[in-house]
Amino acid sequence: EEDDHEELKNKIDKLVITLPKDESFGVVNYKYQGIWFPFTAIRGAIAFQKLFKAQDSDIILASLPKSGTTWLKALIFSVVNRSRYTTKNTPLLTTHPHDLVCSAEINHYRDGLPQHHLLHISQPRIFAVHTHHASLPHSVLDSNCKIVYVCRNPMDNFVSAWHFACSIKGKIGESPPLVDESFRKYCEGAASFGPFWENVLGYWKASIENPKKVLFMMYEDMKEDIVSELKRLATFLGFPFTEEEEAQGLVEEISSLCSFENLKNLKVNQNDSGSNPRVPPNAFFRNGKVGDYTHLLTPSMAEYLKKLADDKFAGSGLVF
Ligand code: A3P
């Protein structure tokens, strides 16, 4: 089996050099099946697609980066493991959410090879992906595993991505990526895991066609009413809160545990060095606000992106 994996890795390496390549936000992306994968994810994404065997109990957390992935990792982990841990002894207090729930493309199939820790993930297994719905491994679509998608308005998503790019170490030229240039790439769909509208629309449509399989959540709705959204999430995952748990205030307790303020202030998430040497753990917690884009985008840029989103999402029922 290891030989097969090595052979696949060689094939992937050969394939990657033939793919269209472009740079955005100081990162080199490769275009595969219409998706712009960053160099850190392209090989893993292909291996994940070819090798991953979903189990019916698996949970796939899908998103565009900078849409609330970290928040959902903490929430999903807490919901499905609440018989195992309390909010006082949960590993979330000592482990970064990204080390607790890893990325399929970037961690589990790093560089195109399945990693050994794949065999040791606790049940139910939770995987984070940024791959578009149409390119998910067949077994994800064919099995009974569940998919949770988290979506954020594109203006805040862009601004969060730009700030995140600024905090990454070892980027091209070491200087912050230019806002105008990054904005242009984002609007063209050439940012990592873009085009954003295809990433969003694939899961949006799947959630409408098959609401038991795909749950579509909005960052903004969660900011407005986390208690209702958390209950909706738990019910979808097959771990609904009981009346007794609700009466005990457990929904509120998990919401507070996973709140931006609480997670940001945990020592493990404040470090400026962690398991990924390029990305400091605190880069995942900036300010967690809705509408923060007005501080970076000019009114005409914001207007342009809103109009673009209106056009791209026209007729879908999605409005930002
Ligand atoms: P900002 O840059 O706007 O602050 P992702 O987790 O997909 O990488 O997204 C990161 C964004 O989510 C950042 O947005 C980050 O601050 C915000 N975020 C992280 N944890 C959060 C939480 N628990 N609640 C709300 N927002 C959170």
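Parameters and conventions
Residues numbered from 1 in each chain as written. Predicted model: local features only at pLDDT ≥ 70, side-chain atom pairs only at ≥ 80, totals over all residues. UniProt positions renumbered as here; feature names shortened; annotations may be inferred. Near = placed C-beta within 6 Å. Helix = DSSP H or I, 4+ residues; strand = E, 2+ residues; numbered from the N terminus. Nonpolar A, V, L, I, M, F, W, Y, C, P; charged D, E, K, R; others polar. Expected span 1.5 Å × (residues − 1). Pairing = 2+ DSSP bridges. Axes fitted to C-alpha atoms, helices over the stretch in contact; angles between N-to-C directions.

Looking at an unreviewed UniProt entry, one finds the protein named Sulfotransferase, with Rhamnella rubrinervis as its source organism. Quoted verbatim from the Sequence similarities (unreviewed entry) heading of the UniProt record, the comment on the protein is "Belongs to the sulfotransferase 1 family."

Digging into the site of the ligand
Neighbouring residues of the ligand: 21 residues in total, closest Thr69, Thr70, Ser160, Arg286 and Gly288. When contributions to the shell around the ligand are tallied by element, the ones reaching two or more residues are helix 3 (69-80), helix 7 (154-167) and helix 14 (260-265). For the shell around the ligand, the residue count by class is seven nonpolar, 10 polar and four charged.

A word on helix 16 (residues 299-313)
Across its 15 residues, helix 16 extends 21 Å between first and last C-alpha, which sits within 8% of the 21 Å expected from 1.5 Å per residue. In the stretch just after helix 16, Gly315 is the one whose phi turns positive, near 85°.

What to know about the sheet that holds strand 1 (residues 21-24)
Read across the open sheet, the three strands follow the order 1-2-3; overall the sheet is antiparallel. One side of each edge strand has no neighbouring strand; the edge strands of this open sheet are strand 1 and strand 3 (35-38). The mean inter-strand angle of the sheet, taken between neighbouring strand axes irrespective of direction, is 40°. Bridging between strand 2 (residues 27-32) and strand 3 involves four bridges; their strand directions are antiparallel.

Some thoughts on unusual backbone geometry
For the bond from Gln123 to Pro124, the omega torsion is -10°, close enough to zero to count as cis. Residue placement: Pro124 occurs in the loop between helix 5 (104-108) and strand 5 (126-129). That bond from Gly194 to Pro195 is cis: its omega, 0°, falls within 30 degrees of zero. With respect to the element layout, Pro195 can be found in the loop between helix 8 (179-188) and helix 9 (196-209). Here Phe25, not a glycine, exhibits a phi torsion of approximately 50°, which is positive. Residue placement: Phe25 occurs in the loop between strand 1 and strand 2. Even without being glycine, Phe193 reaches a positive phi, approximately 65°. Relative to the helices and strands, Phe193 is located in the loop between helix 8 and helix 9.

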